[in-house]
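Summary of structural features
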Amino acid sequence: MPPTSMTLPFLFYLGAFFPGFIFVSGKPWTIEEKIISGIFISLVLIFSFSFILYLFGLPSFFHWVYSFACLLLIISKRKLFKAFLNGKLLHLFIFYGLFVVLTFSLTGLVRNISGAGWAGDWLSSYQRAFFYLERQPLQTGFIDGLPLFFRPPIFFVVCSHFMAQAGSSFPVFQLTSLFINTLVFFPVFFLAAKLGFPRKILPWSLFALFIFNPMVIQNATYPWARSLASFFALTGVYLYHSGFRKKDLSQMGLGLWAGAAGFLTHYSMAPLFLFLCLHFFISEFWHRKGAIGPAWGSITAALLLMSLWFGWMMTNFDREQIAGRFLRPFSPLNPLIPMIQNFVNSINLPHFLDKPPYLFEFGKLVGIRDFAFVLYQTNLLFLFGSVGWILVLWQTASSLRKPSDRAAVLFWTGLVAVGSVGALFLIPHPEEFGTAHLVFQPLVLLGLAFAASGFREYPKFLKSIFMGGILIDAGLGIWLHFKVQSLNFLNKEIFSAYQIPALPPPLKENLSQKTNFDLPFLGDLVEGFSVFFWIIALTIMAFCFYKLAKELLEDQDILRP
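Just so it is clear, the structure is predicted and the values come from calculations on it, not from any experiment. (Residues numbered from 1 in each chain as written. Predicted model: local features only at pLDDT ≥ 70, side-chain atom pairs only at ≥ 80, totals over all residues. Heavy atoms only, no water.)

A word on the overall build of the chain. The number of helices and strands found in the chain is 29 helices and zero strands. In terms of overall size, the chain behaves like a compact globule, its C-alpha atoms giving a radius of gyration of 23 Å where 561 residues would be expected to give roughly 24 Å. Overall size of the chain, expressed as C-alpha extent along the three principal axes, is 70 × 70 × 55 Å. In the structure as shown, the chain presents an accessible area of about 23,000 Å², 68% of it carried by carbon and sulfur atoms. (Helix = DSSP H or I, 4+ residues; strand = E, 2+ residues; numbered from the N terminus. Rg over C-alpha atoms; globule rule 2.2 N^0.38 Å. Areas by Shrake-Rupley, 256 points an atom, 1.4 Å probe, with all protein chains shown as cover.)

Below is the structure:
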């Protein structure tokens, strides 16, 4: 990697955290609302600036100009910077730091990006970021064979901004993606507080639900757009609901803006964005008869953001092809049965067990990893973890027995209903293992926040089940996954050492792509530190488990007569 890659953490946190904070620092909001607003606005500013550079063919030097301007802002607004690092949230930034270090350590182990039937997505994402970085021709082909506009731009353009400064190699792209993907941490934690988590205690239970969840860790370390899309979608939900409860129209409008950014990061965020728009229209525009002046600024910004992409797309690509991409899910010719079957396949565990992918066919290590990978990535229940879905059901049942705010119940119920039903229409063709991994990630993260919000009230047996479950998840979904990904399968001695008769076709395809395009991974460059990375990752997870057990025991002492 080039020496400039060492500046990446500084450049990222310089540009992705503070600039947007200035826009909301004067608002009468909580520090949590200001922080999450500042992050999302900062990312949108980076995207808008970088995309305009791309459109007008301006030199990459301007990316450095932008970062230098951010530095001058921090220097000139030192008091605001101190407010950003409010002492009340010190524990939050400690948790976030641990999450970043954990994902960095695990990414440093990866020498083959693999998992069941997945192949080429990592390379396609890199190629698209490189497309914006190098201003390649519109006819440029990608490994997935899809036109440029089939994947919305925010993730790739934001990555290109930092790659223009830190380097364009694949390891730099991996690290840039990692830093971006870890931001999903913030809305999940803030939503847990909103849903009832005591704010004066360190929520080790939520942190454990988060870092021991294979879906969370695998998506954070995989270089693609889904975690960033979930960040924007959940940020939109958080800000919109906060504004709705306080009747703060400007904050509700900001939530709509974040929802639009989520849609322009991954099209699967469309149902959640649509729900926020419908709720805003019904609850505010309709009932207030158009009295939504304070929200117009954010709504205009959201419309400009959407028009920037769609206007450019309509100008440069075939409109019939564009219409087919966005209108196909709503075609009356689409049979409803395949879409319902996709949902059934997403939750039908017996169906999954009837079709175990590669189990033992390619050796125990790879076969069991692939089986666990598909289970944790595609089964809707196991997206929550092996027992996380039990906590969600328990917390739901507990909430139904308590008096609740009718408006809040309608909001959250509507969000989940529209998000789930809308997801059915996004993938109109049959998928053997369902579509949970394609469209349900933000709802699952919301469910994890919801489950953690009631942890202190769970009975002891349920907490014990939870602790046992996360150990299973850590072993099958995290340790085993990264153990396989840390192996250099280009070395034939690995096959005999681990009794692997042959590699699954998708894993071979990923290795072939890595070799053909001459793309060393971060794990290849830091191979000598692999033991060190294992120690860091396992230490963080062991410490978290210890703190979780201690929290459980302290709770029992408090509850004992």
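So much for the structure itself; the text now carries on.
Now for the packing of helix α6 (residues 90-107) against helix α10 (residues 185-194). Their axes nearest at 11 Å, the elements α6 and α10 cross at an angle of 140°. Judged by the angle between their axes, α6 and α10 are oblique. The way α6 lies across α10 gives a crossing that is right-handed. Of α10, the residues touching α6 (which contributes L92, F93, F95, Y96 and F99) are F185, F186, F189 and F190. (Axes fitted to C-alpha atoms, helices over the stretch in contact; angles between N-to-C directions. Parallel < 35°, antiparallel > 145°, perpendicular 65-115°, else oblique. Left-handed = near helix turned anticlockwise from the far one by under 90°. Contact = heavy atoms within 4.5 Å.)

Here the focus is the nonpolar core. Judged by nonpolar contacts, the single largest core of 179 residues is most densely connected at F40, F185, F231 and F466. For this core, the element with the most residues is helix α3 (residues 31-56), which contributes 12 residues. In this structure F40 touches F231, F232, T235, L239, L254, W257 and A258, once residues within four positions along its chain are discounted. The next biggest cluster of nonpolar side chains, apart from the first, holds 12 residues, and it includes V366, F489, I494 and L507. (Core = buried A, V, L, I, M, F, W, Y, C linked by side-chain atoms within 4.5 Å. Buried < 20%, exposed > 50% of the residue type's maximum accessible area, 1.4 Å probe, protein only.)

Turning our attention to the pattern of salt bridges. Considering all chains together, one arrives at six salt bridges under this definition. R111 is paired through a salt bridge with D524; the nearest N and O atoms lie 2.8 Å apart. Of this pair, R111 sits in the loop between α6 and α7 (121-134) while D524 sits in helix α28 (residues 522-525), and the two are 413 residues apart along the sequence. Relative accessible area serves as the criterion here: at 12%, R111 is assigned to the buried category. Here K514 ties to D524 by a salt bridge, and the two come within 2.7 Å at their closest N and O atoms. (Salt bridge = Lys/Arg side-chain N within 4 Å of Asp/Glu carboxyl O.)

Another aspect to go through is helix α13 (residues 226-246). Here α13 spans 30 Å end to end across 21 residues, near enough to the 30 Å set by a 1.5 Å rise per residue. Burial analysis of α13 places 19 of its 21 residues in the buried class, which makes it a mostly covered element. K247 occupies a position one or two residues after α13 and carries a positive phi of about 55°. (Expected span 1.5 Å × (residues − 1).)

Let us look at the side chain of H161. On the secondary structure map, H161 appears in helix α8 (residues 154-166). A relative accessible area of 1% places H161 in the buried class. At a separation of 3.5 Å, a polar atom in the side chain of H161 contacts the side chain of S50. Apart from residues lying up to four places away in sequence, H161 is in contact with I46, S50, H63, Y66 and S67. (Polar contact = N/O pair within 3.5 Å; in protein donor to acceptor, adjacent residues only side chain to side chain.)

Here we take up the confidence of the model for the chain. Averaged over every residue, the pLDDT of the chain is 88; the share at 70 or more is 91%. Low pLDDT, under 50, characterises residues 557-561; the predicted model gives this stretch two contacts beyond four residues in sequence or across chains. (pLDDT = per-residue confidence, 0-100.)

On to a nonpolar patch on the surface. A contiguous nonpolar patch, built from I52, L55, F56, L58, F61, F62, W64 and V65 and spanning about 720 Å² of accessible area, is present on the exposed surface. Taken together, the elements giving at least two residues each to the nonpolar patch come down to α3 and α4 (61-76). Considering each element in turn, the nonpolar patch owes the most residues, four residues, to α4. Note that F61 resides in helix α4. (Patch = residues over 30% accessible without salt bridge, like charges linked within 9 Å, V, L, I, M, F, W, Y side chains within 5 Å.)

What follows deals with the packing of aromatic side chains. Applying the stated criterion across every chain yields a total of 75 aromatic pairs. Arranged with centres 5.7 Å apart and planes meeting at 85°, the rings of W204 and F543 form a pair that is edge-to-face. Of the two residues, W204 sits in helix α11 (residues 204-211) while F543 sits in helix α29 (residues 530-559), which places them 339 residues apart along the sequence. In this structure F543 comes out as partly exposed when scored by relative accessible area, which is 41%. When the ring centre of W118 is taken as origin, the NZ or CZ atom of R226, which lies over that ring, is 6.0 Å away. Above the face of the F521 ring, K514 is positioned so that its terminal group lies 4.5 Å from the ring centre. (Phe/Tyr/Trp six-rings, centres within 6.5 Å; stacked < 30°, edge-to-face > 60°. Lys NZ or Arg CZ within 6 Å of the ring centre and 35° of its normal.)

Turning our attention to the packing of helix α21 (residues 388-400) against helix α24 (residues 441-453). It is the contact of α21 with α24, at a shortest axis distance of 8 Å, that shows an interaxial angle of 60°. By the criterion of interaxial angle, the relationship of α21 to α24 is oblique. Crossing of α21 over α24 shows left-handed handedness. For the pair α21 and α24, the contacting residues are L391, V392, Q395, T396 and S399 in the first and G447, F450, A451 and S453 in the second. Grouping the constituent residues of the contact of α21 with α24 by class yields four nonpolar, five polar and no charged. (Nonpolar A, V, L, I, M, F, W, Y, C, P; charged D, E, K, R; others polar.)

With respect to the helices and strands, D370 occurs in helix α20 (residues 364-378). Polar contacts involving the side chain of D370 include one to the main-chain amide nitrogen of A116, which spans 3.0 Å.

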